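Observations on the three-dimensional arrangement
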Amino acid sequence: MELNDGHSHKMEDEDKISMLTDDILLSILGRLDIATAARTSVLSSRWKHLPWLLCELTIDVKDFLSVPLPDPIEVEHMDEAMAFLTKATRSFLDTHRNETTITRLQLKLYLVNNYSDAIGPLVSEAIDTGTVKDLDLAIVDEKEPDDCCDEEMLQQACSVDRFFSAYPTVLRCLTRLSLYNLCFAEWDMHHLLFDCSKHLQHLYLFNCDDGGSAWKIHAPNSKLSVLELCFCCFGKLEVLCLPKLERLHWDSWISPYTPLSLGAVPSLKELNLICTATVSQQGFKLSKVLRDATAIENLTLNFCGEKIWIKPEGKELCTAFNKLRKLSLHDIFVDFELLWTIALLEAAPTVEIFDIGIWEHPCVVDTEERLQAFGERTNPSWKMSEFKSRKEWLLKEVQVTGFSPMDQQMTFLKVLMGRAPNLQIVALNDYPACDKCEAIGALPRSERLPSQRVFPNGRDEQDMVVKQLIRDMSACNVQIIFGN
């Protein structure tokens, strides 16, 4: 009887799930990878049709790799995964089986062997018949940048070019495109991305280059709103005209001089620049880059623990900073002074959030090879007193990640609190965990550094920091918060 009761309860639970509406069940399926979602069709007749009613599909080749993931992922692994992905794509895009309009298809694939000749027609037909309305395409590659040679990057670019040339319909509803490890030296990239892809809104390029020359973008009719570049070795990026561009992210460049120029970008609200500056990179004036970009509200500069690659400026930045609301300066070497950052705030009195990140990593060792590549770290030579804005600062919140009660950080915060009459919150946070530091067995900072270089964890230590910060202030309404 107990066994029967247990079986009965199990059946009742299954019936309760099956009694849910299609909308709820589809919401559950939408959170699964496509392979798992497809397997639910064999659970019962109630579930049989459900996976083919999904309006948003993500077909990711990595979901078809063997588990655990092979390391490294070789060509034979990619081939096997693409065979399964092709079957899944054929099943879900079959117009005779799927009568649902797919409002968004996210497709991530490898261009290996001849699978593009199977995928291309399937996606093209789905677009032609109106089954797919919006395409997010990623042509991925597993090689790390250091493992890619020029010949392989040229070959990858040729494969991508052949795919789009053979199946131009794919470009018709392409709204997001991600490309990896390509060299565009022999390919008209501008024509593909801006003339043919008329609905492209988001472009992500990883380890791509154009043979060392400048990449000039002049696309007055483009709908591109997000441009992300990671480890892309363009001689220079010249955005002459991209009227819809709202966010630009560039992680790592090689140009020894000014790497970027911005022309007609009236919608640009967010700019993120990240670079580990080498010895050959002399730095540049930020005002020169932002001269015509006067709508930026969120600016992030990341120095990756090396030298500060922007040159000293003050009032020259006022025009570019006139709408700035959030300013983030990340991964500043721990021993650098911070008072130089005040010059940026003087040029941006409209900033409401100021975000500082400190860098200290034992996983990066100052070897002779590193010194030859990046040189000695030297303190910024900016002078805080050179320029002072006449406008009252609107600054409301200061965030410091990697805080410790070192003299340079405490001095910086005292000056900031005395200069910002509208300041409400100072949030002080510890360093985030670093996988590489943990991998080498680095001791916790509390065990390898003196107390003034360690985040104050106890209540007594935190109270002491607060007392030091407000000691010389006649009145202080600032809330000082200690995070993790």
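Bear in mind that the values here come from a model prediction, so they are computed numbers and not experimental data.

**A short note on the overall build of the protein chain**
Counting its regular elements, the protein chain contains 14 helices and 17 strands. Structurally, the protein chain occupies a C-alpha span of about 75 × 70 × 45 Å along its principal axes. By residue count, 48% of the 484 residues in the protein chain fall in the buried class. Put simply, 73% of the contacts in the protein chain that link residues at least 6 apart link residues at least 24 apart. Surface accessibility of the protein chain: about 24300 Å² in total, with carbon and sulfur atoms responsible for 49%. Both charge centroids of the protein chain, one from 49 positive and one from 71 negative side chains, sit 8 Å from each other.

**Structural notes on the nonpolar core**
Counting 147 residues, the largest nonpolar core has Leu 137, Trp 215, Ile 310 and Phe 321 as its most contacted members. In terms of residue count, helix α4 (residues 75-93) provides more of this core than any other element does, seven residues in total. Aside from chain neighbours lying at most four places away, what touches Trp 215 is Met 189, Leu 193, Phe 194, Leu 203, Leu 205, Asp 210, Leu 229, Phe 234, Lys 236, Leu 237 and Glu 238.

**Some thoughts on the environment of Gly 130**
Mapped onto the secondary structure, Gly 130 falls in the loop between α5 (116-128) and β3 (135-139). Classification of Gly 130 by relative accessible area gives buried; the value is 18%. On a C-alpha basis, the gap between Gly 130 and Thr 101 in space is 7.1 Å, while along the polypeptide they are 29 residues apart.

**Digging into helix α11 (residues 407-419)**
In an α-helix, one turn spans 3.6 residues; hence positions three or four apart end up facing the same way. Counted at 1.5 Å a residue, the expected span for α11 with its 13 residues is 18 Å, and the 18 Å between its end C-alpha atoms agrees. When we look at burial in α11, the residues that qualify are Gln 408, Gln 409, Met 410, Phe 412, Leu 413, Leu 416, Met 417 and Arg 419. Buried residues along α11 sit against α9 (341-347), β14 (353-359), β15 (397-401), β16 (425-429), α14 (459-470) and β17 (479-482).

**A few points about the packing of aromatic side chains**
Enumeration according to the criterion identifies 18 aromatic pairs in this entry. Grouping aromatic residues by their ring pairs yields a cluster made of Trp 250, Trp 253, Phe 284, Phe 303, Trp 309, Trp 340 and Trp 382. Between Arg 377 and the ring centre of Phe 333, over which it is positioned, the NZ or CZ distance is 4.4 Å. Here the basic side chain of Arg 445 rests over the ring of Tyr 431, its NZ or CZ set 3.8 Å away from the ring centre.

**A short note on the side chain of Asn 302**
Inspection of the secondary structure assignment puts Asn 302 in strand β12 (residues 298-302). Within the structure, the side chain of Asn 302 is placed 2.9 Å from the backbone nitrogen of Cys 304, a separation counted as a polar contact. Once you skip the residues sitting within four places of it in the chain, Asn 302 turns out to touch Leu 273, Ile 274, Cys 275, Trp 309, His 330 and Asp 331.

**A look at the packing of α11 against α14**
It is at 9 Å that the axes of α11 and α14 come closest, and there the two elements cross at 50°. It follows from the interaxial angle that α11 and α14 lie oblique. Taken as a pair, α11 and α14 cross one another with a handedness that is right-handed. Packed against α11, whose contacting residues are Met 410, Leu 413, Lys 414 and Met 417, the element α14 presents Val 465, Gln 468, Leu 469 and Ile 470 at the interface. A breakdown of the residues in the contact of α11 with α14 according to their chemical character gives six nonpolar, one polar and one charged.

**Description of the sheet that holds strand β10 (residues 260-264)**
Hydrogen bonding along the main chain pairs the strands of a sheet, whether they run parallel or antiparallel. Read across the open sheet, the three strands follow the order β6-β8-β10; overall the sheet is parallel. Of all strands in the sheet, those with a lone pairing partner are β6 (214-218) and β10, marking the two edges. Across the sheet, the mean angle from the axis of one strand to that of its neighbour is 10°, orientation sign disregarded. The sheet contact formed by strand β8 (residues 236-241) and β10 spans four bridges and is parallel.

**Side note on the pattern of salt bridges**
A complete count under the given rule lists 15 salt bridges for this structure. Across the salt bridge formed by Arg 453 and Asp 335, the nearest N and O atoms sit 3.1 Å from each other. In this pair, Arg 453 is assigned in the loop between α13 (445-448) and α14 and Asp 335 in the loop between β13 (326-333) and α9, connecting sequence segments 118 residues apart. When the shortest N-O distance is used, the salt bridge between Glu 360 and Arg 445 registers 2.7 Å.

Conventions and cut-offs
Residues numbered from 1 in each chain as written. Predicted model: local features only at pLDDT ≥ 70, side-chain atom pairs only at ≥ 80, totals over all residues. Heavy atoms only, no water. Helix = DSSP H or I, 4+ residues; strand = E, 2+ residues; numbered from the N terminus. Buried < 20%, exposed > 50% of the residue type's maximum accessible area, 1.4 Å probe, protein only. Contact = heavy atoms within 4.5 Å. Areas by Shrake-Rupley, 256 points an atom, 1.4 Å probe, with all protein chains shown as cover. Lys, Arg positive; Asp, Glu negative; His and termini not counted. Charge placed at Lys NZ, Arg CZ, Asp CG, Glu CD. Core = buried A, V, L, I, M, F, W, Y, C linked by side-chain atoms within 4.5 Å. Expected span 1.5 Å × (residues − 1). Phe/Tyr/Trp six-rings, centres within 6.5 Å; stacked < 30°, edge-to-face > 60°. Lys NZ or Arg CZ within 6 Å of the ring centre and 35° of its normal. Polar contact = N/O pair within 3.5 Å; in protein donor to acceptor, adjacent residues only side chain to side chain. Axes fitted to C-alpha atoms, helices over the stretch in contact; angles between N-to-C directions. Parallel < 35°, antiparallel > 145°, perpendicular 65-115°, else oblique. Left-handed = near helix turned anticlockwise from the far one by under 90°. Nonpolar A, V, L, I, M, F, W, Y, C, P; charged D, E, K, R; others polar. Pairing = 2+ DSSP bridges. Salt bridge = Lys/Arg side-chain N within 4 Å of Asp/Glu carboxyl O.

Take it as geometry only, folks, not as evidence of what the structure does.
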